[in-house]
Amino acid sequence: LNRRLDGFGTTIFAEMSALATRTGSINLGQGFPDTDGPEEVREAAVRALRDGRGNQYPPGPGIPELRSAISEHQARRYGLAFDPDTEVLVTAGATEAIAAALLALLEPGDEVIALEPYYDSYAACIAMAGGRRVPVTLRPSAGRDRFVLDLDELRAAVTDRTRLILLNTPHNPTGTVLTRAELAAIAQLAVERDLLVVTDEVYEHLVFDGEHVPLVTFPGMRDRTVTISSAGKTFSFTGWKVGWVTASPGLVNAVRTAKQFLTYVASGPFQYAVAEALRLPDTYFSHLADDLRAKRDLLSNGLVEAGFDVFRPAGTYFVTTDIRPLGDDDGFAFCRSLPARCGVVAIPNAVFYNDTNGGTAFVRFAFCKRTEVLHDAISRLKQLR
Ligand code: PMP
Ligand code: GLN
């Protein structure tokens, strides 16, 4: 393994899902739903397969039907106009979009500001691109009810070497949804310091309090923002690996150049199905959020009863907790012992920090599971007291 990838080993998600399988525990670690997305969307995939649509290499930028559907979705939800031919790129999940964007836009030695704790692929992709990760840490608010961004810290992190900000809202793992005021300040900073922003908005539809505002809607951002999303979260098909990028033509071209040599193309028949999914009525999206809001409340309340400090998330399908009230302060040890202690698997947030002492007492639980599974998990977690 080369030096750039030194220390990246096996992702925590693979390790913890294997632990769940081995011990027969309830897996609230890796974020994936335990019920698949809409029947009609699955049927659309079957039809595409059967009719021979997408069984051979689809076009490099993605099939036209899907690029149009992505463009229409951005218009319908946010009033944004993206040309499906020049401003939309289909990728193998958001994961490839992140990798291709960083590989395409960074010079070796460029600094990338990333909100910490950060989704684990950010660190690996910045490293593969030869960039330097500069964390700006989200910290518990004074009332300890949410994780907040310190805008002064963000401003202070920008140097002459900063090339881009890698943003994520709604934010994994904290569940923070950046407010309109926070996003406006980030946009202003990007314009002032002439930065690009790669913004990972895969949880755009999983918002329970407040609203998701795309960064690209702010003044001066249309030509400096690469927006990333994915069908994995919005339609509960994490195995299909259909993601996308929307940006101005120059940025889409750059990302596509790198993407061509990563997968070239992916997920042919599923692209047809996701094109149909994006045209589902608004009620699909609101029901998804309503269902997950109820699950957020169920698991958050259960975790409080089980003795955890809980940061109730405004978005995503994760809840971050502080384990110190339970008498533990090492999230790694806690997560490794949890299956034996009560038959539940969770993720130690420490893996999402640069500093080896960062986030050690925080542990993340996923609530994108059936209600009965969450009830079962809560009664198991109550045995910890
Ligand atoms: N970004 C974030 C913040 C995520 O949580 C995930 C989901 N694991 C991804 C990107 C990757 O998305 P995909 O499965 O579409 O590659
Ligand atoms: N995004 C999911 C999570 O944060 C898992 C993704 C993965 O397994 N790579 O849990």
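Rules and cut-offs
- Residues numbered from 1 in each chain as written.
- Chains lettered and ligands numbered in written order.
- Predicted model: local features only at pLDDT ≥ 70, side-chain atom pairs only at ≥ 80, totals over all residues.
- Core = buried A, V, L, I, M, F, W, Y, C linked by C-beta atoms within 7 Å.
- Buried ≥ 20, exposed ≤ 12 C-beta atoms within 10 Å, placed from the backbone.
- Domains from an automatic or database assignment.
- Helix = DSSP H or I, 4+ residues; strand = E, 2+ residues; numbered from the N terminus.
- Arc of directions from axis to C-beta.
- Contact = placed C-beta atoms within 7 Å.
- Axes fitted to C-alpha atoms, helices over the stretch in contact; angles between N-to-C directions.
- Parallel < 35°, antiparallel > 145°, perpendicular 65-115°, else oblique.
- Nonpolar A, V, L, I, M, F, W, Y, C, P; charged D, E, K, R; others polar.
- Pairing = 2+ DSSP bridges.
- Right-handed = clockwise from strand over helix to strand, strands pointing away.

A. Geometry of the nonpolar core. The biggest cluster of nonpolar side chains holds 114 residues, and the ones touching the most others in it are Ala-101, Leu-102, Val-245 and Val-274. Structurally, this core is a two-domain feature, drawing no fewer than three residues from each of domain 1 (3-30 + 283-384) and domain 2 (39-277).

B. Summary view of helix H13 (residues 371-381). The complete set of buried residues in H13 reads Leu-374, Ala-377 and Leu-381. Buried residues of H13, viewed axially, fall in a sector of 60°; they line one side. Where H13 is buried, its residues meet strand E1 (26-27), helix H11 (282-305), helix H12 (331-342) and strand E13 (344-345).

C. Fine view of the packing of H11 against H13. Between H11 and H13, the shortest axis-to-axis distance is 9 Å and the interhelical angle comes to 10°. The angle between H11 and H13 falls in the class roughly parallel. In contact with Lys-295, Leu-298, Leu-299, Gly-302 and Leu-303 of H11, H13 contributes Thr-371, Leu-374, Ile-378 and Leu-381. Classifying every residue of the contact of H11 with H13 by side-chain character gives 6 nonpolar, 2 polar and 1 charged.

D. Quick look at unusual backbone geometry. Between Thr-169 and the following residue, Pro-170, the backbone shows a cis peptide bond with an omega angle of -15°. Among the structural elements, Pro-170 can be located in the loop between strand E7 (162-168) and helix H7 (180-192). Cis peptide bonds are those with omega within 30 degrees of zero, and the linkage from Asn-172 to Pro-173 qualifies with 10°. Mapped onto the elements of the fold, Pro-173 is located in the loop between E7 and H7. The phi dihedral of Arg-144 falls on the positive side, at around 50°, and the residue is not glycine.

E. Structural view of the domain arrangement of the protein chain. Looking at the assigned domains, one finds that the protein chain contains domain 1 (3-30 + 283-384) and domain 2 (39-277). For domain 1 versus domain 2, the distance between C-alpha centres works out to 24 Å. Counting residues at the interface gives 30 residues for domain 1 and 31 residues for domain 2. Residue assignment for the side of domain 1 that touches domain 2 shows that the elements contributing at least two residues are H11, strand E11 (309-311) and strand E12 (318-322). At 6 residues, the largest contribution of residues to the side of domain 1 that touches domain 2 is made by H11. Here the residues of the side of domain 1 that touches domain 2 are counted per class, giving 16 nonpolar, 8 polar and 6 charged.

F. Geometry of the sheet that holds E11. Read across the sheet, 4 strands follow the order E11-E12-E15-E14 without closing on themselves; strand pairing throughout is antiparallel. Each having just a single partner strand, E11 and strand E14 (347-348) make up the two edges of the open sheet. Pairing geometry for E12 and strand E15 (residues 362-366), over 5 bridges, is antiparallel. Paired with Phe-318 across the strands is Ala-366, a residue of E15.

G. Representation of the pairing of E15 in the model. The element E15 is largely enclosed, with a buried count of 5 among its 5 residues. The alternating pattern of E15 places Phe-362, Arg-364 and Ala-366 and Val-363 and Phe-365 on opposite faces, both of which are buried. Pairing of E14 with E15 involves 2 bridges; the strand directions are antiparallel. The residue of E15 that forms the bridge with Ile-347 is Arg-364.

H. Inspection of the pairing of strand E8 (residues 196-200) at higher detail. Judged by how many residues are buried, E8 sits mostly within the fold: 5 of 5 residues are covered. Alternating positions in E8 separate into two faces, Leu-196, Val-198 and Asp-200 on one and Val-197 and Thr-199 on the other, with burial throughout. As defined by bridge partners, E7 adjoins E8 across 5 bridges and the pair is classed as parallel. For Leu-166, the partnering residue across the bridge sits in E8 and is Val-198. Assessed by its sense of winding, the connection that carries the chain from E7 through H7 to E8 is right-handed. Sheet topology note: the E8/strand E9 (residues 225-230) ladder contains 4 bridges and is parallel. Across the sheet, the residue bridging to Thr-199 is Thr-227, located in E9.

I. Structural context of the environment of Arg-161. One can find Arg-161 in the loop between helix H6 (151-157) and E7. Judged by the 13 C-beta atoms lying within 10 Å of it, Arg-161 falls in the partly exposed class. For Arg-161 and Arg-132, which are 29 residues apart along the polypeptide, the C-alpha to C-alpha distance reads 9.4 Å.

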